[in-house]
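# Topology and contacts: notes
Listed below are the residues making up each chain.
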Amino acid sequence: MLSKHFRAALGLSFLALFALPGAAQSIPSPAQAQQMLQNDPGAIARLRQMMQSSGMTPEQIRERLKAQGYPDSLLDQYLPGGTVGDSTALPGDDVFSALRALGIGDSTSVDSLRKQTTGRRRTKSQLDSAFLDTLTRAMANDSTRAAVRALLRSKDLQRDQADSGFAVFGLDLFRGDNKLFQANTSGGADANYRFGSGDKLVLFLTGDVEKSYQLTVTNDGFVVIPDVGQINVAGLTRAQLEDALYSRLGRVYSGVRRSGATTHFYINVAQMGTNQVFVNGDVVHPSSYRLSRASTVMTALYEAGGATESGSMRSVEVRRNGQVMATMDVYDYALHGDASKDIRLENGDVVFVPPRGPQARVAGAVLRPATYEVKPNQTVADVIQMAGGFSEQADRRRVQIERIVPPAERTSAGRDRSAVDVPAELLSTTPVRGGDVLRILRVTNRVANRVVVQGNVWTQGSVAFVPGMRLSDALRKAGGLKPDSYLGQVSVAHLLSDSTRDMLRSAVYDTTGRAVNDLALSDGDEITVYSTTTFRPKRYISITGAVRKPGQLPYRDGMTLRDAVLEANGLQDGALLTEAEVAHLPENRQPGVTAVAERVPLDSTYLFERRADGRYIGPPGVPAPAANAPDVLLQPYDQVLIKRQPEWELPRHVTVQGEIKSPGTYTLTTKADRLSDIIARAGGLTTSAYAGGIVFMRRSAPSASKVNAETVDARSGFGTAADLRVGVDLPSVLRNRNVPDNISLIDGDSIFIPPYTPVVIVRGAVNAPTGIAYQPGANIDYYVRSAGGETTKGDFSRAYVAQPGGKLETRHRHLLFATSKPVPQPGSTVVVPEKDPNDKRDWNAITASVASIVASLVGIVAIIRR
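What you are looking at is a predicted structure, and each value in this text was computed from that prediction instead of being measured. (Residues numbered from 1 in each chain as written. Predicted model: local features only at pLDDT ≥ 70, side-chain atom pairs only at ≥ 80, totals over all residues. Heavy atoms only, no water.)

Spatial ordering of the open sheet is given by E12-E11-E15-E13-E14, a layout of five strands whose pairing is mixed. Lying at the two open borders of the sheet, with one neighbouring strand each, are strand E12 (370–373) and strand E14 (417–423). Recorded for the sheet is a direction-independent mean angle of 25° between the axes of neighbouring strands. With three bridges connecting them, strand E13 (residues 398–404) and strand E15 (residues 437–440) associate as antiparallel partners. Residue pairing across strands places Gln 400 opposite Arg 439, the latter belonging to E15. (Pairing = 2+ DSSP bridges. Helix = DSSP H or I, 4+ residues; strand = E, 2+ residues; numbered from the N terminus. Axes fitted to C-alpha atoms, helices over the stretch in contact; angles between N-to-C directions.)

This part is about helix H9 (residues 238–252). The end-to-end C-alpha distance of H9 is 21 Å, a good match for the 21 Å that 15 residues give at a rise of 1.5 Å each. Every buried residue of H9 is accounted for by Arg 238, Leu 241, Leu 245 and Leu 249. Tucked into the core, H9 has its buried residues touching strand E1 (200–207), strand E3 (222–225), strand E4 (229–232) and strand E5 (263–271). (Expected span 1.5 Å × (residues − 1). Buried < 20%, exposed > 50% of the residue type's maximum accessible area, 1.4 Å probe, protein only. Contact = heavy atoms within 4.5 Å.)

The full count for this structure, using the stated rule, is 28 salt bridges. Note that Asp 349 and Arg 320 form a salt bridge whose closest N and O atoms lie 2.7 Å from each other. With Asp 349 in the loop between helix H11 (330–336) and strand E10 (350–353) and Arg 320 in strand E8 (residues 316–320), this pair connects stretches of sequence that are 29 residues apart. Taken as a pair, Asp 349 and Arg 320 share a single burial class, namely buried. The shortest N-O distance in the salt bridge between Glu 647 and Lys 671 comes to 3.3 Å. Of this pair, Glu 647 sits in the loop between strand E25 (639–642) and strand E26 (653–658) while Lys 671 is found in the loop between strand E27 (664–667) and helix H15 (675–681), placing the two residues 24 residues apart along the sequence. We classify Glu 647 as exposed; its relative accessible area is 67%. Here the residues in one salt-bridge network are Glu 647, Glu 649, Arg 652 and Lys 671, joined through shared partners. (Salt bridge = Lys/Arg side-chain N within 4 Å of Asp/Glu carboxyl O.)

Attention now goes to empty space enclosed by the protein. Evaluated as defined, the whole model comprises four cavities of 30 Å³ or more. For the largest cavity, the full set of lining residues is Leu 201, Leu 203, Leu 215, Val 223, Ile 225, Ile 231, Val 233, Leu 241, Leu 245 and Ile 267. Elements that contribute at least two residues to the lining of the largest cavity include exactly E1, E3 and H9. (1 Å grid on protein atoms, 1.4 Å probe; cavity = no way out; pocket = protein on both sides within 12 Å on 5 of 7 lines; lining within 4 Å. Points joined across faces, edges and corners; volume = space filled by probe spheres on them.)

Inside soluble globular proteins, nonpolar side chains tend to come together where they are buried. One finds Leu 301, Val 351, Leu 438 and Ile 440 to be the most contacted residues of the largest nonpolar core, which totals 45 residues. Sorting elements by how many residues they give to this core places helix H10 (residues 297–303) first, with five residues. When near neighbours in sequence (up to four residues on either side) are disregarded, Leu 301 contacts Phe 174, Gly 306, Val 316, Val 330, Val 351 and Val 353. Judged by nonpolar contacts, the second largest core, of 26 residues, contains Tyr 193, Ile 225, Val 256 and Ala 294. (Core = buried A, V, L, I, M, F, W, Y, C linked by side-chain atoms within 4.5 Å.)

This part takes up the environment of Met 313. As for its position among the elements, Met 313 is in the loop between H10 and E8. Residue Met 313 is classed as buried on the basis of its relative accessible area, which comes to 4%. A C-alpha to C-alpha distance of 8.9 Å links Met 313 and Leu 171, two positions 142 residues apart in sequence. If sequence neighbours within four positions are ignored, Met 313 has contacts with Phe 169, Gly 170, Leu 171, Phe 174, Ala 307, Met 328, Asp 329, Val 330, Tyr 331 and Glu 373.

Let us look at the packing of helix H4 (residues 58–67) against helix H5 (residues 93–102). It is at 10 Å that the axes of H4 and H5 come closest, and there the two elements cross at 100°. With respect to each other, H4 and H5 are oriented roughly perpendicular. Listed contacts from H5 to Ile 61, Arg 64 and Leu 65 of H4 are Ala 98, Ala 101 and Leu 102. Taken together, the residues that form the contact of H4 with H5 break down as five nonpolar, no polar and one charged. (Parallel < 35°, antiparallel > 145°, perpendicular 65-115°, else oblique. Nonpolar A, V, L, I, M, F, W, Y, C, P; charged D, E, K, R; others polar.)

So, on to the sheet that holds strand E34 (residues 808–810). Read across the open sheet, the five strands follow the order E32-E31-E37-E33-E34; overall the sheet is mixed. At either end of the open sheet lies a strand with only one pairing partner, and these are strand E32 (770–773) and E34. Each adjacent strand pair in this sheet contributes to an overall mean axis angle of 25°, direction not counted. In this structure, strand E31 (residues 759–764) lies alongside strand E37 (residues 829–832), joined through four bridges in parallel fashion. When the bridges of E37 are listed, Val 762 appears paired with Val 830.

Burial along strand E20 (residues 526–531) is one-sided: Ile 527, Val 529 and Ser 531 are buried, while Glu 526, Thr 528 and Tyr 530, pointing the other way, are not. For strand E16 (residues 450–455) and E20, the ladder comprises four bridges, and the chain directions are parallel. Pairing of Gln 454 across the sheet is with Thr 528, part of E20. Strand direction decides the pairing type here: strand E18 (residues 485–495) and E20, joined by five bridges, are antiparallel. Along E20, the bridge assignment pairs Val 490 with Val 529.

What follows deals with the packing of aromatic side chains. Any pair of aromatic rings gets described here by the distance separating the centres and the angle formed by the planes. Throughout the structure, instances matching the rule amount to ten aromatic pairs. Judged by centre distance (5.0 Å) and plane angle (80°), the rings of Tyr 782 and Tyr 783 are edge-to-face. Assessed through its relative accessible area of 28%, Tyr 782 is described here as partly exposed. For Tyr 783, a relative accessible area of 0% corresponds to the buried category. Members of the aromatic cluster, connected to one another through ring pairs, are Phe 169, Tyr 331 and Tyr 372. Above the face of the Phe 352 ring, Arg 319 is positioned so that its terminal group lies 4.5 Å from the ring centre. Directly above the aromatic system of Tyr 606 lies the positively charged group of Arg 562, at a separation of 4.4 Å from the ring centroid. (Phe/Tyr/Trp six-rings, centres within 6.5 Å; stacked < 30°, edge-to-face > 60°. Lys NZ or Arg CZ within 6 Å of the ring centre and 35° of its normal.)

Residues spaced three or four apart along an α-helix point in a common direction, a consequence of the helix completing one turn every 3.6 residues. Those residues of H5 that sit buried are Val 95, Phe 96, Ala 98, Leu 99 and Leu 102. Down the axis of H5, the sector holding all buried residues measures 160°, keeping them to one side. Downstream of H5 by one or two residues, Gly 103 has phi in the positive range, about 75°. (Arc of directions from axis to C-beta.)

Moving on: a nonpolar patch on the surface. Nonpolar side chains collect at one region of the surface, where Ile 853, Leu 857, Ile 860 and Ile 864 lie side by side and expose about 430 Å² of accessible area between them. With respect to the secondary-structure elements, Ile 853 resides in helix H19 (residues 843–865). (Patch = residues over 30% accessible without salt bridge, like charges linked within 9 Å, V, L, I, M, F, W, Y side chains within 5 Å. Areas by Shrake-Rupley, 256 points an atom, 1.4 Å probe, with all protein chains shown as cover.)

To continue, consider unusual backbone geometry. Although it is not a glycine, Asn 377 adopts a positive phi angle of roughly 75°. Structurally, the position occupied by Asn 377 is in the loop between E12 and helix H12 (380–386). The exposure class assigned to Asn 377 is exposed, which follows from its relative accessible area of 71%. With a phi angle near 65°, Glu 647 is a residue other than glycine that sits in the positive phi range.

Turning next to the confidence of the model for the chain. For the chain, per-residue confidence averages 82 on the pLDDT scale, and 78% of positions sit at 70 or higher. Element-level mean pLDDT values for the chain span from 39 in helix H16 (residues 706–716) up to 97 in E10. pLDDT under 50 marks residues 155–161. Its contacts with residues more than four places away, or in other chains, come to eleven contacts. (pLDDT = per-residue confidence, 0-100.)

A separate point is the pairing of strand E6 (residues 274–281). Bridge count for E6 against strand E7 (residues 287–292) is six bridges, and the pairing is antiparallel. Bridged to Gln 276 within E7 is Arg 290. Taking the residues between adjacent antiparallel strands as the criterion, E6 and E7 are bridged by five residues. Note that E6 and E10 share four bridges and pair parallel. Of the residues in E10, the one forming a bridge with Gly 281 is Val 353.

Along the chain, the position of Ala 239 falls in helix H9. Between the C-alpha atoms of Ala 239 and Arg 194, which are 45 residues apart in sequence, the distance is 9.9 Å.

We now examine the environment of Arg 64. Of note, Arg 64 is situated in helix H4. Each C-alpha atom of the pair Arg 64 and Leu 102 lies 7.0 Å from the other, and the pair is 38 residues apart in sequence. Setting aside residues no more than four positions away along its own chain, Arg 64 makes contact with Met 56, Ala 101 and Leu 102.

Here you go:
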């Protein structure tokens, strides 16, 4: 079963095939799908025709609309030269009201068009809510859109399915653009055309008299010619009208006569009138329609949307004055292009589509799988011919029919259907019954008279089998063996009569395919040639250490250590050029021994980056031993380690900024350089520097706490979220360089000395976060009170001070009652955090327990004193 999304995509693809030009090249969006369900180009074309035949210019129509109280642009999209194409949405009721007010078209035509568009809007609105919603959701899925693309590209979808022919033949003929079958309205009537009311004629007189008259056939069926009078033309053909004109014009113009005429006349149809035609029965949109007088049965069916699935297309009746005037078989037109029975309709005609007759489904290998309506006495051959005939893959020896057993012949339950095989010679004599399913089977996919050569040959695939063929013959036809082929065995899977296979084998002398045991082959054998390359394990070596591209390298026979270094893009700066270590697999795997390490020599020739004169391009201080190290031959799975020079590294840098005499980026001269050394090299602090507020930042690993870094960054504006602040007591370092805070420096350290700031910042869960002027000796309690005290959510017991040097000091209790309270320094920050919402401790119970313990202790002390 198809998934919901794929069924939705399937429906959308068929909409695209019928409604969008070039649908096979592009996939409709959900908005385009909505538009396809709403548009009706046929109705819009009829509306434009009415506007053109009104005789008014676009400017006149706009002026009259404005005078009637309508927007002057209401009908712009339907006027000649409108900016909107034929894909405009269906006109609404306001458009039809304006047409009536302006007198454009007669009331019957307007009502017919209104009824048609209203019915189609109702039908499409029912589709909008469910069907379109499903399509829109489905098209949002990438896999669904890909499925639609594949579906649109496949022109043989039904033929490739296991079952097919479910679509009723002929229905899609009426589901497209009905403008394609609209009758001509601008003149050019043929000899059988009968004139009627609404026709606009032009009469030309030449010769003795040069005149032309525009004549309109009135509702009573006559025209009025100046100086001639009234002539009844309703129901006349062109020849009959010419006879009447010879008689009437000859009375006025003496030169008008059939022989020896000196005045000639010609009648031309400038515009045809319309007939009111009724289409009912099993059609999609039964209604009355105003159609061109040149319209036929097919024109009426296209206007009504064609027959429904329950309607017949083989006996469409035309009823005139209560009599059946003609019966049309649409299959004649659809299958053979025969329109001889497609008669021209007259005013008041009824096109009636009765219920369908028996149907038979044709599935399988035919050109047009579908469900066809069949007439009595039609045979299997007739139905196959309607389906386009057999396809190239059809098995024409027989046709299988799945038939519904007549009620009188059903002898037991479960036997309501039966299968009938019809041989080819009986196809033209076997009748088809209603409900039959004709299955045209395909020829088998098996290809006979061949052997298959696969594997390590130059041309894999099938080779035509001939009696007496041997193994060497097949190998030569396959182009011979490739150079790396395994000559020890070529396998032959021999096909037995029961479709099983047994294995035969033979060696070959060389790549020409000359076999040691030249086996005799039979139809269907499969030959396999093996490659020695596939037998080889994936061999490699690994190189790590001071190389530019460490990792695994494919092993090649004869590979040396120099080759491996070249494959690794050469050595890094600082590589040790005296020796490397190579670990081999042990030859004698003693218990616990997994590798044998060996030190191998290197020399300066492993430095490949040199000038034209041969001098090495690199940093100074790299020793360059003489080029006397022998090449080291590597073995599979060797592990190569290129060592680094001891104590070698690139220069390290420290940044010093702020209130320093010579700020900048300084290079560390030794690994023992400390904070006091770099301060001294920078000239010391300025007079406005605040040593206690030093901000010392050090690069952190990716796993370091991001919260602390962000806190430091927000507080100081210095450093990034990838740095960590280190708390340092710089005044102590400046007094005594031996204190622990005089820490050693590393690459990337940054130091910022701020100016003196006599303010303490109080933030967090306090009533008025603010800055408080520094008060010497005041502890944390003073500053929290100055900020309005902690809020109801504040946890003062966990308050802390971030001293300007970066160290954090908290309140903590000594013994039972003594509490240490930190003293903020200038530029420090006091933080009162919020209470932990997960803290569920019952302080009332804890207080009661403490009071009980204290009472007990007091009692014990009183007893002891006694």
